[in-house]
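An overview of the molecular structure
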Amino acid sequence: MSWFKREDNEIVNDSEKTVRTEGLWIRCPDCGKILFKAELEANQHVCWHCGHHFRVDARTRIENLLEPGYELVDLELRSTDPLNFTDLKPYKRRLAEAQTKTGLNDAIVNAIGQLGPHSVVLSVMEYAFIGGSMGAVVGETIARAVDRSLATRHPLIIVAASGGARMMEGIASLMQLAKISAGLARLDDAKIPYISVMTDPTTGGVTASFAMLGDLNIAEPGALIGFAGPRVIEQTIRQKLPEGFQRSEFLLEHGFLDAIVSRKEMKDYLSQTLSWMGA
């Protein structure tokens, strides 16, 4: 009789006792450090080693800027497919996939609430929705935010994160540049403050319209801001562009921005700014 007996039992993982680490860590693209996601979220998605600002969704930005009790508005608008457009896939399918992925009807969210002691109208773009592209719905949503500011005389803040106009809607997307710019002119005539906050990336028709029309134009550190991409510009002017071209630090140095503000300081900065603007 043997002292030990080996039983041919299959080893089964107990799901309740298994420690899952997949998706809990993320590598910073700037410094290469491995970051714990929960700590990164608590730090407003800013790397504490090098200060790299990760991209965040529109709802998170609203939550970081406004006091509890804010209200999301103008969420019912949906894009159509006026051109019956198809490239690698039908535009209708792109819209459906983006709506499922983000839980939004389009690439922007309007909110009304308090930023510190100030009542504001806040409009935030969602880059995860077809690259934050600006179609008819984005244009109409921002136009409604302008109308709310005019009606209440509350300052308007727009947080941009976009690849530009949504060309799947053709001329309808390009007309939003003029539509929004005209609305902001009315806001200026009424002496109501408008602050533009540019995040990574802010490009194309968004830069060419409302993103650069603020009474104050500010950006997050390291944000890509421009109209055309660096490769297109180099091929057009046949010159090598300087290091860091189209990043917020370069633009501030050359007078295109009024300030660069880190995400953790953004709320206090905007509150102080609205105070001296007489909001």
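What counts, and at which threshold
Residues numbered from 1 in each chain as written. Predicted model: local features only at pLDDT ≥ 70, side-chain atom pairs only at ≥ 80, totals over all residues. Heavy atoms only, no water. UniProt positions renumbered as here; feature names shortened; annotations may be inferred. 1 Å grid on protein atoms, 1.4 Å probe; cavity = no way out; pocket = protein on both sides within 12 Å on 5 of 7 lines; lining within 4 Å. Points joined across faces, edges and corners; volume = space filled by probe spheres on them. Nonpolar A, V, L, I, M, F, W, Y, C, P; charged D, E, K, R; others polar. Core = buried A, V, L, I, M, F, W, Y, C linked by side-chain atoms within 4.5 Å. Buried < 20%, exposed > 50% of the residue type's maximum accessible area, 1.4 Å probe, protein only. Helix = DSSP H or I, 4+ residues; strand = E, 2+ residues; numbered from the N terminus. Contact = heavy atoms within 4.5 Å. Salt bridge = Lys/Arg side-chain N within 4 Å of Asp/Glu carboxyl O. Phe/Tyr/Trp six-rings, centres within 6.5 Å; stacked < 30°, edge-to-face > 60°. Lys NZ or Arg CZ within 6 Å of the ring centre and 35° of its normal. Pairing = 2+ DSSP bridges.

Under an unreviewed UniProt entry, the name given to the protein is Acetyl-coenzyme A carboxylase carboxyl transferase subunit beta, and the organism recorded is Tunturiibacter lichenicola. As stated in UniProt under Sequence similarities (unreviewed entry), the record for the protein gives "Belongs to the AccD/PCCB family." Looking at the protein in UniProt, the text filed under Subcellular location (unreviewed entry) is "Cytoplasm".

Quick notes on the layout of surface pockets
Approximately 180 Å³ is the volume found for the largest pocket. Taken together, Thr207, Met212, Ile225, Gly226, Phe227, Ile233, Phe245, Gln246, Phe250, Leu251, His254 and Phe256 make up the lining of the largest pocket. Of the residues in the lining of the largest pocket, the class split is eight nonpolar, four polar and no charged.

Re the nonpolar core
Of all hydrophobic cores here, the largest spans 33 residues; its most connected members are Leu156, Leu184 and Phe210. Of all elements in the fold, only helix H3 (91-102), strand S5 (118-125), helix H4 (136-152), strand S6 (156-162), helix H5 (171-189), strand S7 (194-202) and helix H8 (248-253) reach the threshold of two or more residues within this core. Apart from residues no more than four positions distant in its own chain, phenylalanine 210 is found in contact with Met125, Met134, Ile142, Ile158, Ala160, Ile180, Leu184, Tyr194 and Ser196. If you look at the next biggest cluster of nonpolar residues, it comprises 22 residues, including Leu104, Val120, Leu122 and Ala259.

Quick word on the pattern of salt bridges
The final tally for this structure, using the stated rule, is 17 salt bridges. When the shortest N-O distance is used, the salt bridge between aspartate 81 and lysine 92 registers 3.4 Å. Within this pair, whereas aspartate 81 is found in the loop between strand S3 (71-73) and H3, its partner lysine 92 is found in helix H3, the two being separated by eleven residues in sequence. Note on aspartate 81: relative accessible area 12%, which makes it buried. Measuring nitrogen to oxygen at the nearest pair gives 3.9 Å for the salt bridge that ties arginine 166 to glutamate 169. By relative accessible area, which is 1% here, arginine 166 ends up buried. Since its relative accessible area comes to 3%, glutamate 169 is described here as buried. Sharing partners across several salt bridges, the network here consists of Asp74, Glu76, Glu140, Arg144, Arg148 and Lys179.

Considerations on the packing of aromatic side chains
Under the definition given, this model contains two aromatic pairs. Centre to centre, the rings of tryptophan 25 and phenylalanine 36 are 5.0 Å apart; their planes meet at 45°, and the pair counts as tilted. In this pair, tryptophan 25 is assigned in strand S1 (residues 25-27) and phenylalanine 36 in strand S2 (residues 34-36), connecting sequence segments eleven residues apart. Between phenylalanine 245 and phenylalanine 250, the ring centres sit 5.7 Å apart and the planes meet at 70°, which makes this aromatic pair edge-to-face. Using a relative accessible area of 25% as the deciding quantity, one classes phenylalanine 245 as partly exposed. We note arginine 55 situated over the ring of tyrosine 127; from NZ or CZ to the ring centre the distance is 4.7 Å.

A word on the pairing of strand S4 (residues 108-115)
Of all eight residues making up S4, six are buried, and the element is well covered by its neighbours. Here three bridges tie S3 to S4, and the two strands are oriented antiparallel to one another. When the sheet's bridge partners are listed, leucine 72 is paired in S4 with alanine 111. Pairing between S4 and S5: eight bridges, direction antiparallel. Note that in S5 the partner of alanine 111 across the bridge is leucine 122. Connecting S4 to the antiparallel partner S5 that follows it, the hairpin turn spans two residues, and glycine 116 within it adopts a positive phi of roughly 65°.

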